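Working through the structure, step by step
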Amino acid sequence: MTPQPSHSAARKPSARHRILHAAAQRFYADGINATGIDRITAQAGVAKMSLYNNFSSKADLVEAYVEARHQEWLALYRARAAEAGTPQEQILAVFDAYIDHASTGYEHGFRGCGLLNAAAELPVGDPGREIVRRHKEYVEGLLVEQLRLLTDNDSAAEVGEHLSYLLEGAMARSGLEGEPSRLRRARAIAVGMLADLNRTP
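The structure presented is a predicted model; accordingly, all values stated were derived computationally and were not measured.

1. Some remarks on the overall build of the chain
Scanning the chain from terminus to terminus reveals ten helices and zero strands. Along the chain, helices and strands appear, N-terminal first, in the series α-α-α-α-α-α-α-α-α-α. Based on the C-alpha atoms only, the size of the chain along its principal axes is roughly 75 × 45 × 30 Å. Taken over 201 residues, the chain has a buried fraction of 40%. Summed over all atoms, the accessible surface of the chain reaches about 10900 Å², with 53% contributed by carbon and sulfur. Here the chain holds 23 positive side-chain charges and 25 negative ones, and the gap between their average locations is 8 Å.

2. Remarks on the nonpolar core
Counting residues in each nonpolar core, the largest one holds 57 residues, and the members touching the most others are Leu61, Trp73, Val94 and Leu163. Contributing elements (two or more residues each) for this core: helix H2 (15-30), helix H3 (37-44), helix H5 (58-81), helix H6 (87-103), helix H7 (114-121), helix H8 (127-147), helix H9 (153-177) and helix H10 (181-199). Not counting chain neighbours up to four residues away, the residues in contact with Trp73 comprise Val94, Ala97, Tyr98, His135, Tyr138, Val139 and Leu142.

3. Description of H6
The first and last C-alpha atoms of H6 sit 24 Å apart over 17 residues, in line with the 24 Å expected at 1.5 Å per residue. Summarising burial for H6: 13 of the 17 residues are buried, a large majority.

4. A word on the UniProt feature "DNA-binding region" (unreviewed entry) in the chain
With numbering matched to this structure, UniProt assigns "DNA-binding region" (unreviewed entry) to residues 36-55. Helix makes up 75% of residues 36-55 and strand 0%, with an end-to-end C-alpha separation of 14 Å.

5. Notes on the UniProt feature "domain: HTH tetR-type" (unreviewed entry) in the chain
As recorded in UniProt, the sites labelled "domain: HTH tetR-type" (unreviewed entry) are residues 13-73. In residues 13-73, the share of helix is 77% and the share of strand is 0%. The end C-alpha atoms are 21 Å apart.

6. Section: the packing of aromatic side chains
Note on aromatic pairs: each is described by the distance of the centres and the angle between the planes. By the definition in use, this model includes three aromatic pairs. Taking 5.3 Å as the distance between ring centres and 70° as the angle between the ring planes, the aromatic pair formed by Phe27 and Tyr65 counts as edge-to-face. A residue pair is termed long-range when its members are at least 10 positions apart, and Phe27 in helix H2 and Tyr65 in helix H5 qualify at 38 residues. Judged by its relative accessible area of 3%, Phe27 is buried.

7. Things to note about a negative patch on the surface
A grouping of Asp152, Asp154, Glu158 and Glu161 is seen on the molecular surface, where their side chains present a negatively charged patch. Examined against the element boundaries, Glu158 turns out to sit in helix H9.

8. Some thoughts on the packing of H5 against H7
How two helices pack is summed up by the angle between their axes together with the distance between the axes. Closest axis-to-axis distance for the H5/H7 pair is 9 Å, and the angle between their directions is 155°. Here H5 is positioned roughly antiparallel relative to H7, judged by the angle of their axes. In the packing of H5 onto H7, the handedness of the crossing is left-handed. On H7, the residues touching Tyr65, Val66, Arg69 and His70 of H5 are Gly114, Leu115 and Ala118. Partitioning the contact of H5 with H7 into residue classes produces four nonpolar, two polar and one charged.

9. Quick notes on H7
Working note: α-helix, 3.6 residues per turn, so residues spaced by three or four point in the same direction. Turning to H7, its buried residues number three or more, namely Gly114, Leu115, Ala118 and Ala119. Taken around the axis of H7, the buried residues stretch over an arc of 135°, which confines them to a single face. Tucked into the core, H7 has its buried residues touching H2, H5, H6 and H8.

10. What to know about the packing of H6 against H8
Remark: H6 packs on H8, axes separated minimally by 7 Å, with the N-to-C direction vectors making an angle of 155°. When the interaxial angle is binned, H6 and H8 end up roughly antiparallel. Contact residues: H6 offers Pro87, Gln90, Ile91, Val94 and Tyr98, while H8 offers His135, Lys136, Val139, Leu142, Leu143, Gln146 and Leu147. In terms of residue class, the contact of H6 with H8 is made up of eight nonpolar, three polar and one charged.

Calculation criteria
- Residues numbered from 1 in each chain as written.
- Predicted model: local features only at pLDDT ≥ 70, side-chain atom pairs only at ≥ 80, totals over all residues.
- Heavy atoms only, no water.
- Helix = DSSP H or I, 4+ residues; strand = E, 2+ residues; numbered from the N terminus.
- Buried < 20%, exposed > 50% of the residue type's maximum accessible area, 1.4 Å probe, protein only.
- Areas by Shrake-Rupley, 256 points an atom, 1.4 Å probe, with all protein chains shown as cover.
- Lys, Arg positive; Asp, Glu negative; His and termini not counted.
- Charge placed at Lys NZ, Arg CZ, Asp CG, Glu CD.
- Core = buried A, V, L, I, M, F, W, Y, C linked by side-chain atoms within 4.5 Å.
- Contact = heavy atoms within 4.5 Å.
- Expected span 1.5 Å × (residues − 1).
- UniProt positions renumbered as here; feature names shortened; annotations may be inferred.
- Phe/Tyr/Trp six-rings, centres within 6.5 Å; stacked < 30°, edge-to-face > 60°.
- Patch = residues over 30% accessible without salt bridge, like charges linked within 9 Å, V, L, I, M, F, W, Y side chains within 5 Å.
- Salt bridge = Lys/Arg side-chain N within 4 Å of Asp/Glu carboxyl O.
- Axes fitted to C-alpha atoms, helices over the stretch in contact; angles between N-to-C directions.
- Parallel < 35°, antiparallel > 145°, perpendicular 65-115°, else oblique.
- Left-handed = near helix turned anticlockwise from the far one by under 90°.
- Nonpolar A, V, L, I, M, F, W, Y, C, P; charged D, E, K, R; others polar.
- Arc of directions from axis to C-beta.

Here you go:
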């Protein structure tokens, strides 16, 4: 009879998952350029060849990391959006997702938006920077989509842009300060902006 794998063995994460998880921790805590392949493989508990069997290069791993950060934020947002009813609540769900992101336990504390941190280290034209740009456009699009249910298209685009800037500024300050109070303040400002929008004739 062929021995059956134990439940613990069946649940063991794949080498790709372990590598990406280790890279995410090191890239966020230490920076992309400061993190070598050897550090990632050591933390992941895999041989260097295993990394190159799953990622063609460090650049490929970085691109996968950036895409994973996008998906991670989407999961936070969707969980919040599922609890929101009105367009106003849907807009605030975006802020709540950012607050959730900032409140996550990080090895060396919160250091701001992982996507923007990565983009700052990548050269112009790098595929990773394109992923970050699309992510930021997607977030602004979510805001504008809900604002269109509250006002005309031009106003929705303008207010959506303002809210996007508010988010990014608060994220930058929260990253510098290592905690999410600026994002909570930004959410409160957004509540006031939405109330003013509703009072506009």
